[in-house]
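# Secondary and tertiary structure notes
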Amino acid sequence: MSRRPFVAGNWKMNMLRADAEKLVGELKPLLAGTDSVDVAVCPVYTALAAAAGALAGSKIMLGAQNLHTVESDGAFAQSGAYTGEISAEMLKDACVAWVILGHSERRQYFGETDAGVNAKAKACFAQGLLPIVCVGETLAERDLEQTNAVVEVQTRGCFAGIPAAQAKDCVIAYEPVWAIGTGRTATPQQAQDVHAHIRGVLASIYDEATANAVRIQYGGSMKPGNAAELLAQPDIDGGLIGGAALKAADFAAIVNAAAKR
Ligand code: PEP
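Keep in mind that what you see is a predicted model, and the values were worked out from it rather than measured. (Residues numbered from 1 in each chain as written. Predicted model: local features only at pLDDT ≥ 70, side-chain atom pairs only at ≥ 80, totals over all residues. Heavy atoms only, no water.)

Turning next to the overall build of the protein. When its secondary structure is counted, the protein shows twelve helices and ten strands. Expected size for 261 residues packed as a compact globule is a radius of gyration near 18 Å; at 17 Å, the protein falls within 12% of this value. Principal axes of the C-alpha set define a box for the protein whose edges measure 50 × 45 × 35 Å. Considering the protein as a whole, with its 261 residues, one finds that 51% of them fall into the buried category. Across the protein, contacts joining residues at least 24 apart in sequence account for 73% of those joining residues at least 6 apart. Summing over all exposed atoms, the protein offers an accessible surface of approximately 11100 Å²; the carbon and sulfur share of this is 54%. Of the side chains in the protein, 22 bear a positive and 27 a negative charge, and the two mean positions are spaced by 5 Å. (Helix = DSSP H or I, 4+ residues; strand = E, 2+ residues; numbered from the N terminus. Rg over C-alpha atoms; globule rule 2.2 N^0.38 Å. Buried < 20%, exposed > 50% of the residue type's maximum accessible area, 1.4 Å probe, protein only. Contact = heavy atoms within 4.5 Å. Areas by Shrake-Rupley, 256 points an atom, 1.4 Å probe, with all protein chains shown as cover. Lys, Arg positive; Asp, Glu negative; His and termini not counted. Charge placed at Lys NZ, Arg CZ, Asp CG, Glu CD.)

Laid out in structure tokens, this is it:
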């Protein structure tokens, strides 16, 4: 089955409004001819409006890096006394289409759990947003040969109760924690093995058709120099890009490698 590649830039806690406008302004012409790849940029909340304005007239989509959700009377509260938080409806209002959920930095520094990611994914769907669900093992877990078990638990937890009709539109980002921001990348074979395993988990939760529809991005020091060989793997459908997403030429080179896949 052919899945449309999807490359998303996770800008993390970087970029003031003017920086966001500049980067988007540089990306637009570089990506103008790349119609066969879905592309999104995910700025900080305070730069969403600036990025959205700069993205006008381009097919590049806007993403966010988190959202807050709380269930109240069986529905997801979209406003209320949650100081410092942002709801799905607010992201939608800010022209966001995608939301990164469960990034390892959020799991590590902010106590994010699979159950929390699951609730946030459901809150996304309730507002017509789509989640990019991050999974991945630590170095210690890989060394103990627990990688498959870890990503299976994460995938099952994050997708609990999400129907196949919604799951097929989700994106999963496999991001080995030891490869994020370290310059150390999973080998194409290491990444492919885990992607295939995640797809198998999806098939066992849902069915083959759903598993084959879900796009699984690789994330972890993907750069212009290693993107093509990672993206050549049959179960790697794109990338979630951190550091290299902050430079227009590098991000565009990765998108172009995805277009040649
Ligand atoms: C990320 O944070 O999602 C990521 C993949 O970062 P980097 O590309 O910098 O490793």
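The next point concerns the site of the ligand. Residues in contact with the ligand amount to 14 residues; listed here are only the nearest, Lys12, His103, Glu175, Gly181 and Ser221. Here asparagine 10 contributes a side-chain N or O atom positioned 3.5 Å from an oxygen atom of the ligand. Separating an oxygen atom of the ligand from a backbone N or O atom of glycine 181 is a distance of 2.6 Å. Protein chains bury 96% of the 300 Å² of accessible surface belonging to the ligand in isolation. Applying the majority rule of atoms within 2 Å of the grid points places the ligand in the second largest pocket. Of the residues belonging to the shell around the ligand, the class tally is four nonpolar, eight polar and two charged. (Near = heavy atom within 4 Å. Polar contact = N/O pair within 3.5 Å; in protein donor to acceptor, adjacent residues only side chain to side chain. 1 Å grid on protein atoms, 1.4 Å probe; cavity = no way out; pocket = protein on both sides within 12 Å on 5 of 7 lines; lining within 4 Å. Sits in = over half its atoms within 2 Å of the grid points. Nonpolar A, V, L, I, M, F, W, Y, C, P; charged D, E, K, R; others polar.)

Right, let's talk about the side chain of lysine 120 for a bit. With respect to the helices and strands, the residue lysine 120 is situated in helix α5 (residues 114-126). Classification of lysine 120 as buried rests on a relative accessible area of 11%. The contacts of lysine 120, once residues within four sequence positions are left out, are Asn66, Leu67, Thr69, Leu101 and Glu112.

Another aspect to go through is the nonpolar core. Ranked by size, the top nonpolar core spans 70 residues in total, and within it Val99, Ile198, Tyr218 and Phe251 carry the most contacts. Top element by residues in this core is helix α12 (residues 248-259). It accounts for seven residues. In contact with isoleucine 198, not counting residues within four places along its chain, are Val135, Val151, Thr155, Ile172, Tyr174 and Ile216. In this structure, Ala40, Cys42, Cys134 and Val171 belong to the second largest nonpolar core, which totals eleven residues. (Core = buried A, V, L, I, M, F, W, Y, C linked by side-chain atoms within 4.5 Å.)

With that out of the way, let us pick up the layout of surface pockets. Counted as a void, the largest pocket has a volume near 380 Å³. For the largest pocket, the lining is made up of 14 residues, of which Lys12, Met13, Gln65, Arg106 and Phe110 are closest to its centre. Considering every element that reaches the lining of the largest pocket, the biggest residue donor is helix α4 (residues 104-110), with four residues. A breakdown of the residues in the lining of the largest pocket according to their chemical character gives seven nonpolar, four polar and three charged. Quantified by volume, the second largest pocket comes out at close to 280 Å³. For the second largest pocket, the lining is made up of 22 residues, of which Lys12, Gly181, Ile241, Gly242 and Gly243 are closest to its centre. Per-class residue counts for the lining of the second largest pocket are eight nonpolar, nine polar and five charged. (Points joined across faces, edges and corners; volume = space filled by probe spheres on them.)

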